[in-house]
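# Coordinate analysis (summary)
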Amino acid sequence: MSLESSGILQAGVFVSTKGVDTGAQLVAGLTSTLDPDEALRIRRKIDGHVMPLMCAWVQFMDKTTLGSAAILGIQEATHLTTNELGTAFYLSYLIFEYPQNLTLQRFPVGKWMSINVFVWAAALACHAACKNFAGLLVVRLLLGVCEGSITAGFLIVSSMSYTRTEHTLRVSYWCKFPYTHDCQAN
């Protein structure tokens with residue numbers, strides 16, 4: 001079948017692909033090669049919508065929260081050091097990375113990543129309400145739990161969206177960006 005056909009019969013149900021974009025036609029099961037111009041358009045759309053989220057916000061925001069809070073006086077208010085909370089984050093990240101990766105294999109990646117990003121964002125916002133070590137510890141532990149799915153999930157999303165040669169370059173973008181941004185800020 002070609003991309004120009006009007007539909008496909010799937011499980012006894014006719015699914016119309018007329019008037020939908022190329023991505024929906026490919027998901028519907030039509031097998032055909034993409035026009036190079038169409039592939040470039042799709043790649044640019046993914047680069048413009050998905051890559052900024054993977055690069056800047058998700059990979060960078062939680063790493064700066066504790067530093068910003070330290071500047072604003074959280075250490076004096078809670079009588080603790082930044083190392084204590086950093087250790088809590090990385091310990092929960094290490095413990096929950098394996099179960100998170102198993103879950104990514106068993107459930108739809110998009111839904112599981114969405115749940116993790118939502119809980120991660122809520123935990124990140126809860127930093128403002130914390131008044132003592134116990135509250136901050138819980139919030140940092142939740143951040144670590146959710147962050148355990150980010151690297152593997154981003155790898156899966158990148159591999160679904162790009163060809164093998166494009167995948168390597170895109171992963172280097174979202175993996176390296178937070179660290180180069182930190183270096184440029186100093």
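Residues numbered from 1 in each chain as written. Predicted model: local features only at pLDDT ≥ 70, side-chain atom pairs only at ≥ 80, totals over all residues. Heavy atoms only, no water.

## Focus on the state of the cysteines
Filter applied, for reference: Our working definition of a disulfide is a cysteine sulfur pair at a distance within 2.5 Å. With a 1.4 Å probe rolled over the protein chains alone, any residue whose accessible area is under 20% of its type maximum counts as buried; one over 50% counts as exposed, and the rest are partly exposed.
Here the structure, examined in full by the defined rule, presents zero disulfides. Looking at the unpaired cysteine 126, the closest cysteine sulfur is the one in cysteine 130, lying at 6.7 Å. Owing to a relative accessible area of 39%, cysteine 126 belongs among the partly exposed residues under this scheme.

## Comments concerning the packing of helix H6 (residues 109-125) against helix H7 (residues 133-147)
For any two helices packed against each other, one specifies the inter-axial angle together with the distance between the axes. The line we're drawing: Every angle, taken between N-to-C directions, lies between 0 and 180 degrees, and every axis is a line fitted to C-alpha atoms, over only the stretch in contact when it is a helix. Going along the chain from the N terminus, every DSSP run of H or I of four or more residues is numbered as a helix, and every run of E of two or more is numbered as a strand. Any angle from 65 to 115 degrees is called roughly perpendicular, while one under 35 is roughly parallel, one over 145 is roughly antiparallel, and all others are oblique. By the definition used in this description, the sense in which the near helix is turned from the far one sets the handedness, with an anticlockwise turn below a right angle giving left-handed and a clockwise turn giving right-handed. Contact between two residues is taken to exist if any of their heavy atoms lie within 4.5 Å; hydrogens are not considered. Here the nonpolar group is Ala, Val, Leu, Ile, Met, Phe, Trp, Tyr, Cys and Pro; Asp, Glu, Lys and Arg are the charged ones; every other residue, Gly included, is treated as polar.
It is at 9 Å that the axes of H6 and H7 come closest, and there the two elements cross at 160°. Judged by the inter-axis angle, H6 sits roughly antiparallel to H7. The crossing of H6 and H7 is left-handed. Touching Asn116, Val119, Trp120, Ala123 and Leu124 of H6 are Val139, Leu142, Leu143, Val145, Cys146 and Glu147, all from H7. In the contact of H6 with H7, the residues fall into nine nonpolar, one polar and one charged.

## So, the packing of aromatic side chains
Threshold: Aromatic pairs are defined between Phe, Tyr and Trp rings, using the six-membered ring for Trp, whenever the two ring centres lie within 6.5 Å; interplanar angles under 30 degrees are classed as stacked, those over 60 as edge-to-face, and all others as tilted.
Counted according to the given criterion, the structure contains three aromatic pairs. Centroid distance phenylalanine 89 to tyrosine 90: 4.7 Å. Interplanar angle 80°. Geometry classified as edge-to-face. The class of phenylalanine 89 is buried, set by a relative accessible area of 3%. Arranged with centres 6.2 Å apart and planes meeting at 35°, the rings of phenylalanine 89 and tyrosine 93 form a pair that is tilted. With phenylalanine 89 and tyrosine 93 both in helix H5 (residues 82-106) and four residues apart, this pair spans about one turn of that helix. The two residues phenylalanine 89 and tyrosine 93 agree in class, both being buried. A network of ring pairs unites the aromatic residues Phe89, Tyr90 and Tyr93 as a single cluster.

## Digging into the packing of H6 against helix H8 (residues 150-161)
Where H6 contacts H8, the two axes come as close as 11 Å, and the packing angle between them is 145°. Read as a crossing pair, H6 and H8 show a hand that is left-handed. Taken together, the residues of H8 that come into contact with H6 (itself represented by Val109, Met113 and Val117) are Ile150, Gly153, Phe154, Ile156 and Val157. Each residue belonging to the contact of H6 with H8 can be placed in one class, and the counts come to seven nonpolar, one polar and no charged.

## Here we look at the environment of serine 161
Within the fold, serine 161 resides in helix H8. Along the chain, serine 161 and aspartate 47 lie 114 residues apart, while their C-alpha atoms are 9.5 Å from each other.

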